[in-house]
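# Fold and contact review
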Amino acid sequence: VGNSNKKDLARELHSRGLAERVHYLGFKPEAWRYAGASDLFVMPSLKREGLPKGVIEAMAVGVPAVVTKVGGMPEIVQSGDSGTVVSPGDSEDLASAILYYYENRDVLVQHGKAANQRIHNNFNISQTVDRYLELYQRLLRS
């Protein structure tokens, strides 16, 4: 799910014999619904990520994430607790993390619950608004 060069992606999947196993859905306005139907969210970005909405949405619905150490993703995902953070471009590390969750359903469920709690406790929009309001009020008083 997401924006990508569909032709390049299709060519790559076909060359690796994966075209029948991967379904490219393109941009979807409510992508979190797809994440919520998944066991694991994977975002192997190589560069330029802030705080990706996709990671936050997946974790908010209880799906642990495997992400790369790019931008703000390591801030969102606590490796070994609410998901796993791997080095960008390290396909072996990425594959190992995915396989680990596949083989350890109990950890997958535990990390999913922790992911949900992490987002609701630390990346909650109402909480963020309250903190900004407190900051602005403090600045006005000084």
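Above this text you will find the structure in question.
What you are looking at is a predicted structure, and each value in this text was computed from that prediction instead of being measured.

Looking now at the pattern of salt bridges. Going through the model one piece at a time under the given rule, you end up with 4 salt bridges. Here Glu 12 and Arg 16 are joined by a salt bridge, their closest N and O atoms 2.4 Å apart. The partly exposed category is assigned to Glu 12, whose relative accessible area is 38%. In this structure, Arg 105 engages Asp 39 in a salt bridge whose closest nitrogen and oxygen atoms are separated by 3.3 Å. With Arg 105 in helix 6 (residues 105-122) and Asp 39 in the loop between helix 2 (32-36) and strand 1 (41-43), this residue pair connects regions lying 66 residues apart in the sequence. Note on Asp 39: relative accessible area 45%, which makes it partly exposed.

Here we take up the packing of aromatic side chains. The final tally for this structure, using the stated rule, is 2 aromatic pairs. Here Tyr 132 and Tyr 136 contribute two aromatic rings whose centre-to-centre distance is 5.9 Å and whose plane-to-plane angle is 35°, an arrangement assigned as tilted. A residue pair is termed a helical-turn pair when its members lie 3 or 4 positions apart in one helix, as Tyr 132 and Tyr 136 do in helix 7 (residues 125-141) at 4 residues.

This part covers the layout of surface pockets. Over the atoms rolls a probe the size of a water molecule, and in doing so it shows where empty space is left. Considered as a void within the structure, the largest pocket measures approximately 1800 Å³ in volume. Residue lining of the largest pocket: 46 residues in total, with Val 1, Phe 41, Val 42, Met 43 and Pro 44 positioned closest to the centre. Counting residues per element, the ones that place at least two in the lining of the largest pocket are helix 1 (6-15), helix 2, strand 1, helix 3 (53-60), helix 5 (91-103) and helix 6. Ranked by residues supplied to the lining of the largest pocket, first place goes to helix 5 with 5 residues. Split by residue class, the lining of the largest pocket holds 24 nonpolar, 11 polar and 11 charged.

In this section: the sheet that holds strand 2 (residues 65-68). Read across the open sheet, the 3 strands follow the order 1-2-3; overall the sheet is parallel. Each edge of the sheet is formed by a strand with only one pairing partner; in this case those strands are strand 1 and strand 3 (83-86). The mean angle between the axes of side-by-side strands here comes to 10°, regardless of whether they run parallel or antiparallel. With 4 bridges connecting them, strand 2 and strand 3 associate as parallel partners. In the sheet register, Ala 65 faces strand 3, and the bridge partner there is Gly 83. The strands touched by helix 3 are strand 1 and strand 2; relative to strand 1, the strand with the most contacts, the crossing angle is about 165°. Helix 5 rests against strand 1, strand 2 and strand 3 of the sheet, and its axis sits at about 170° to strand 3.

This next bit is on the pairing of strand 2. Of the two faces of strand 2, the one holding Ala 65 and Val 67 and the one holding Val 66 and Thr 68 are both buried throughout. Where strand 1 meets strand 2, 3 bridges bridge the pair, whose relative direction is parallel. Bridge pairing in strand 2 places Phe 41 opposite Ala 65. In terms of handedness, the path from strand 1 via helix 3 over to strand 2 forms a crossover that is right-handed.

Reading the values: rules and limits
Residues numbered from 1 in each chain as written. Predicted model: local features only at pLDDT ≥ 70, side-chain atom pairs only at ≥ 80, totals over all residues. Heavy atoms only, no water. Salt bridge = Lys/Arg side-chain N within 4 Å of Asp/Glu carboxyl O. Buried < 20%, exposed > 50% of the residue type's maximum accessible area, 1.4 Å probe, protein only. Helix = DSSP H or I, 4+ residues; strand = E, 2+ residues; numbered from the N terminus. Phe/Tyr/Trp six-rings, centres within 6.5 Å; stacked < 30°, edge-to-face > 60°. 1 Å grid on protein atoms, 1.4 Å probe; cavity = no way out; pocket = protein on both sides within 12 Å on 5 of 7 lines; lining within 4 Å. Points joined across faces, edges and corners; volume = space filled by probe spheres on them. Nonpolar A, V, L, I, M, F, W, Y, C, P; charged D, E, K, R; others polar. Pairing = 2+ DSSP bridges. Axes fitted to C-alpha atoms, helices over the stretch in contact; angles between N-to-C directions. Contact = heavy atoms within 4.5 Å. Right-handed = clockwise from strand over helix to strand, strands pointing away.

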